[in-house]
Amino acid sequence: HAGTAGKYPAGVPSVSHLHGLYFSADYPALSWEWAANASVIDSIRRSNEITVPSEWVADVIRRDCRISPTIIPHGIDWDEWQHSYPNGEYVLAYAKNRVMDVCNPAFISDLASRFPDRLFLCTFAPRDAPPNVRVTGLLAPEKMKEVIQRAAVVVSPIRETFGILTIEALASGTPVLGYAYGGNN
């Protein structure tokens, strides 16, 4: 995975699979984000082949590193996502495993306040979230799978490198509302 190439001796053939870089020009990036970017760039320089999950990430690597990576999208097993649950119980507004760097659930308060009669479910939410927001915290994969399958709609709110949640929801028959940037395009 990107950033680990320094753990291997020089001259050992390697493939670097990466999800991109932190967009340090877009926000006040922290020192660890700058260090992560440096590690990813080192990985790219040392690798014999670079793979990325989407055209969006490939564009960034082509532009910023002058390297043309191979695109290998994430995948899921379609059959594993088929179900008989009813859809429509809530809006799954945020299903990330963290609240940091590019993962920010701040939009939830605004979105949920615009639809006060609709239940919003999310793994994390801001402290000012309205009462129609329920926070689940991190869930085991099988439980999260059911949450995705039962949702009326899944919101993909951040710059996803590809959007594994998006393809899981679509394979479940759950509509997705995503911002028009990143891997959602």
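Use the structure listed above.
Model, not experiment: these values are computed from the prediction. Along every chain, residues carry numbers that run from 1 in the direction the sequence is written. Under the rules for a predicted model, residues below a pLDDT of 70 receive no local features and side-chain atom pairs below 80 are neither given nor counted, while totals for whole chains, interfaces and linings still include all residues. To obtain the side-chain values, all non-hydrogen atoms of the structure were used and water was disregarded.

1. Focus: the sheet that holds strand β4 (residues 91–94)
- One requirement defines pairing of two strands: DSSP has to find at least two bridges between them. Helix numbers and strand numbers start at the N terminus; a helix is a DSSP run of H or I with at least 4 residues, a strand a run of E with at least 2. Pairing in this open sheet of five strands is parallel, and the strands run β6-β5-β4-β7-β8 from one edge to the other. On the outer flanks of this sheet lie β6 (133–135) and β8 (176–178), each paired with one strand and no other. Here the average twist between neighbouring strands, direction ignored, is 25 degrees.
- Two strands pair when backbone bridges link them, and strand β7 (residues 153–156) and β8 are joined in this way by three bridges, in the parallel orientation. Following the sheet pairing, Val 154 is matched in β8 by Val 176.
- Packed onto the sheet, helix α5 (residues 164–172) meets β7 and β8 and runs at close to 165 degrees relative to β7. Orientation is described by axes fitted as lines to C-alpha atoms, over the contacting stretch for helices, and by angles from 0 to 180 degrees between their N-to-C directions. Note on contacts: a residue pair qualifies if any of its non-hydrogen atoms lie within 4.5 Å across the two residues.

2. Thoughts on the pattern of salt bridges
- Throughout this description, the term salt bridge denotes a Lys or Arg side-chain nitrogen within 4 Å of a carboxyl oxygen of Asp or Glu. Per the stated rule, a full pass over the model turns up seven salt bridges.
- We note a salt bridge from Asp 42 to Arg 46, for which the minimum N-O separation is 3.0 Å. Remark: Arg 46 and Asp 42 occur in helix α1 (residues 31–46); sequence separation between them is four residues, near one turn of the helix.
- Here Asp 59 and Arg 62 are joined by a salt bridge, their closest N and O atoms 2.6 Å apart. Note that Asp 59 and Arg 62 are positioned in helix α2 (residues 55–65) at a spacing of three residues, about one turn of the helix.
- Per-residue accessibility, obtained with a 1.4 Å probe over protein chains only, is compared with the maximum for each type, and a residue is labelled buried under 20%, exposed over 50%, and partly exposed between these values. On the basis of relative accessibility, which here comes to 37%, the residue Asp 59 falls in the partly exposed class.

3. Comments concerning helix α3 (residues 107–114)
- Among the residues making up α3, those that are buried are Phe 107, Ile 108, Ser 109 and Ala 112.
- Contact partners of the buried residues in α3: β4, β5 (120–122), β6 and β7.

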